[in-house]
Structures are given as structure tokens and as C-alpha cells.
Amino acid sequence: QVQLVESGGGLVQAGGSLRLSCATSGGTFSSYGMGWFRQVPGKEREIVAAINWTGGRTYYTDSVKGRFTISRDNTKSTVYLQMNSLKPEDTAVYYCAARSGRAYGILPRDYDYWGQGTQVTVSS
């Protein structure tokens, strides 16, 4: 069974940085497209960033462009989200997701496997 475990969330002041990690097991990580999503109460889960199987193609939602960086280390079966210049509106539960395909997707329904989520809270 494919398992994804996020870590690295926490409380940070506006302007600060966090790095989220997603460790995977039970699958062929190097052949999966990966994504980071976030969700706040009362809102739909939304794409934050995504990356294809090699890391050669990435996607970022407009609100995080220039601030967040998605990367992957296939030797460690881990995907990362580096978050800089954090804003209060970045506060959310962040989820790691994997899909059974080498390309990334931008919708939750594009993904087959999900982590448990990690809370990111940015204070003003």
C-alpha cells in the first residue's frame, strides 16, 4: 500500500519560512507525479504546487509563485515544499499527494494517494 507522510508544518511569523517534507513508501515513487495541496475551513482543497516524475516540470498556483519551491529527491522517495515569505493567507492544512502517472495534475481528483496533512499557521 502506498503511504505518504507529511512533516515540517508549524507556527511561523509572517515573512518566515518553512520546509515541508513528504516521505513515501510502498510504491514506485520515482514514477509518480506529485503535488502539494492545501485546505482551509469552508474552502475546497486547492493545488499549491506539483512536480512530474523527474522534477523537470513544475506547477505553482499564482498566489505562491516566487515564494514556494517544490522539489523531489527520488533517491529518498521524498518530495519537498520550501515556503518562503509566508503570509497569513498561507495558513492551511497542507497535503501531499501522489498519482499513478509520471505527469502531475492540478486537481484533487487527479491524485490517487494522500498524506494525512500537516498544519501550517502563519501569524501576522
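Residues numbered from 1 in each chain as written. Predicted model: local features only at pLDDT ≥ 70, side-chain atom pairs only at ≥ 80, totals over all residues. Heavy atoms only, no water.

Peer 1: In this structure, what is going on with the overall build of the protein chain? I would like to understand it.
Peer 2: The secondary structure content of the protein chain amounts to zero helices and eleven strands. For the protein chain, the α and β elements follow one another from N to C terminus as β-β-β-β-β-β-β-β-β-β-β. Over its C-alpha atoms the protein chain spans a radius of gyration of 13 Å, differing by no more than 12% from the 14 Å that the globule rule assigns to 124 residues. Counting only C-alpha atoms and orienting by the principal axes, one finds that the protein chain spans roughly 40 × 25 × 25 Å. (Helix = DSSP H or I, 4+ residues; strand = E, 2+ residues; numbered from the N terminus. Rg over C-alpha atoms; globule rule 2.2 N^0.38 Å.)

Peer 1: Would you mind going over the sheet that holds strand E7 (residues 68-73) with me for this structure?
Peer 2: In any sheet, the strands associate via hydrogen bonds between backbone groups, in a parallel or an antiparallel arrangement. With antiparallel pairing, four strands are arranged side by side in an open sheet as E1-E3-E8-E7. Taken across any chain shown, the strands that pair with only one partner, and hence form the sheet edges, are strand E1 (3-7) and E7. For this sheet, the mean angle separating the axes of adjacent strands, direction not counted, is 15°. As judged from the six bridges shared by strand E3 (residues 18-25) and strand E8 (residues 78-83), these two strands associate in the antiparallel manner. Bridging across to E8, Leu-18 finds its partner in Met-83. (Pairing = 2+ DSSP bridges. Axes fitted to C-alpha atoms, helices over the stretch in contact; angles between N-to-C directions.)

Peer 1: How should the state of the cysteines be read in this particular structure?
Peer 2: Any covalent bond linking the sulfur atoms of two cysteines counts as a disulfide. Counted under the stated rule, the structure contains one disulfide. The disulfide partner of Cys-22 is Cys-96, and the gap between their sulfur atoms is 2.1 Å. With the S-S bond torsion at -85°, the cross-link from Cys-22 to Cys-96 turns out left-handed. Taken together, the residues span a long stretch of sequence, with Cys-22 in strand E3 and Cys-96 in strand E9 (residues 92-99) at a distance of 74 residues. One exposure class covers both Cys-22 and Cys-96, and it is buried. (Disulfide = S-S within 2.5 Å. Buried < 20%, exposed > 50% of the residue type's maximum accessible area, 1.4 Å probe, protein only.)

Peer 1: Explain the nonpolar core here, please?
Peer 2: For soluble globular proteins, nonpolar side chains are generally found buried alongside one another. Membership of the largest hydrophobic core comes to 27 residues, with the highest contact counts inside it found for Met-34, Trp-36, Val-79, Leu-81, Met-83 and Tyr-94. Listing elements by their share of this core, those giving two or more residues are E3, strand E4 (33-39), strand E5 (46-51), E7, E8, E9 and strand E11 (118-123). Ranked by the residues each element gives to this core, the list is headed by E9, at four residues. Phe-37, Ile-47, Ala-97 and Tyr-111 belong to the second largest nonpolar core, which has five residues in total. (Core = buried A, V, L, I, M, F, W, Y, C linked by side-chain atoms within 4.5 Å.)

Peer 1: Mind showing me how you'd approach the pairing of E9 here?
Peer 2: Two faces make up the sheet, and in a regular strand the side chains alternate between them. Taking burial as the measure, the eight residues of E9 include six buried ones, the bulk of the element. For E4 and E9, the ladder comprises seven bridges, and the chain directions are antiparallel. Paired with Arg-38 across the bridge in E9 is Tyr-94. Two strands pair when backbone bridges link them, and E9 and E11 are joined in this way by three bridges, in the antiparallel orientation. Residue Tyr-94 lies in a different strand from E11, and its bridge partner there is Thr-118. Pairing geometry for E9 and strand E10 (residues 113-114), over two bridges, is antiparallel. Paired with Ala-98 across the strands is Tyr-113, a residue of E10.

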